[in-house]
Amino acid sequence: RPWPRSDIVVPSRCQSSKSNFSPPDHRASATDRPAAIQCTRIAGVTLPPSPPLADRLDDALPQTQCRRCGYDGCRPYAEAIAGGVAINRCPPGGDDLIAILASLTGQPASALDRTRGEPGPLAVARVDETLCIGCTLCLEACPVDAIVGAAKRMHTVLPAWCTGCELCLPPCPVDCIAMVPAGRAWSPEDARTARSRYIHRNQRRARANATTATRAS
């Protein structure tokens, strides 16, 4: 199974004494989650707070950004789950991820909603370079900028960054993209890289949209 992450630990209150405590593992980098960590002193003991539920859910999700859950990425789905949405909509995570999300939310561990897709081994996109016409539609569709190319130039997929989301398949007008076995499992490092690239892509697009709006006004 390519997911869920084997290093995910369901957070609990710090086990502490007046002399020591074990802080929670805030896995996101400072660039991904800049909010300051504040501590509360209770009866002379400093206790770090638990991260918000949406942050813990986002840490557990695979970060493939495939949208099969019905949301525009893993973070939006995490926020929706924190608001009460079902935890069984992530095919890449499968039943093991559902168990983790159930522990975090208190929701029952229901079976995977297979109308969202089937779990399976990691596959990555591959462009048939003899058919590619350089339309750039797949570049726009990729949520993590794993496809490189230029207008009317051949495109190629960087397999180390491809999440297997399959979002590049529908817009291709010449069906030159296929999903092929990755030959490896999706790892926690893959998830961290994918989340970072997803965030940076969205930030870049937001800046570009703001610039376009300013020029139009």
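Everything below is about the structure printed above this text.
Residues numbered from 1 in each chain as written. Predicted model: local features only at pLDDT ≥ 70, side-chain atom pairs only at ≥ 80, totals over all residues. Heavy atoms only, no water.

Re the packing of helix H1 (residues 53-60) against helix H2 (residues 74-82)
The N-to-C vectors of H1 and H2 enclose an angle of 130°; their axes lie 8 Å apart at closest approach. When the interaxial angle is binned, H1 and H2 end up oblique. H2 is crossed by H1, and the crossing has right-handed handedness. Across from Leu53, Ala54, Asp55, Leu57 and Asp58 in H1, the residues of H2 making contact are Cys74, Arg75, Ala78, Glu79, Ile81 and Ala82. The residue inventory of the contact of H1 with H2, partitioned by class, reads 7 nonpolar, no polar and 4 charged. (Axes fitted to C-alpha atoms, helices over the stretch in contact; angles between N-to-C directions. Helix = DSSP H or I, 4+ residues; strand = E, 2+ residues; numbered from the N terminus. Parallel < 35°, antiparallel > 145°, perpendicular 65-115°, else oblique. Left-handed = near helix turned anticlockwise from the far one by under 90°. Contact = heavy atoms within 4.5 Å. Nonpolar A, V, L, I, M, F, W, Y, C, P; charged D, E, K, R; others polar.)

Things to note about the packing of H1 against helix H3 (residues 94-105)
Remark: H1 packs on H3, axes separated minimally by 10 Å, with the N-to-C direction vectors making an angle of 170°. On the basis of the axis angle, H1 is roughly antiparallel to H3. Crossing angle aside, the handedness with which H1 passes H3 is right-handed. Here Leu53, Arg56, Leu57 and Ala60 of H1 lie close against H3, whose contacting residues are Leu97, Ile100, Leu101, Leu104 and Thr105.

Concerning the nonpolar core
One finds Ile147 and Ile177 to be the most contacted residues of the largest nonpolar core, which totals 22 residues. Looking at this core, the elements with two or more residues in it are strand S3 (123-127), helix H4 (137-141), strand S6 (177-181) and helix H5 (188-216). Here Ile147 is in contact with Cys138, Leu139, Cys142, His155, Thr156, Val157 and Cys168, once residues within four sequence places are set aside. Core analysis: the second largest hydrophobic core is formed by 19 residues, Cys69, Ala80, Cys90 and Leu104 among them. (Core = buried A, V, L, I, M, F, W, Y, C linked by side-chain atoms within 4.5 Å. Buried < 20%, exposed > 50% of the residue type's maximum accessible area, 1.4 Å probe, protein only.)

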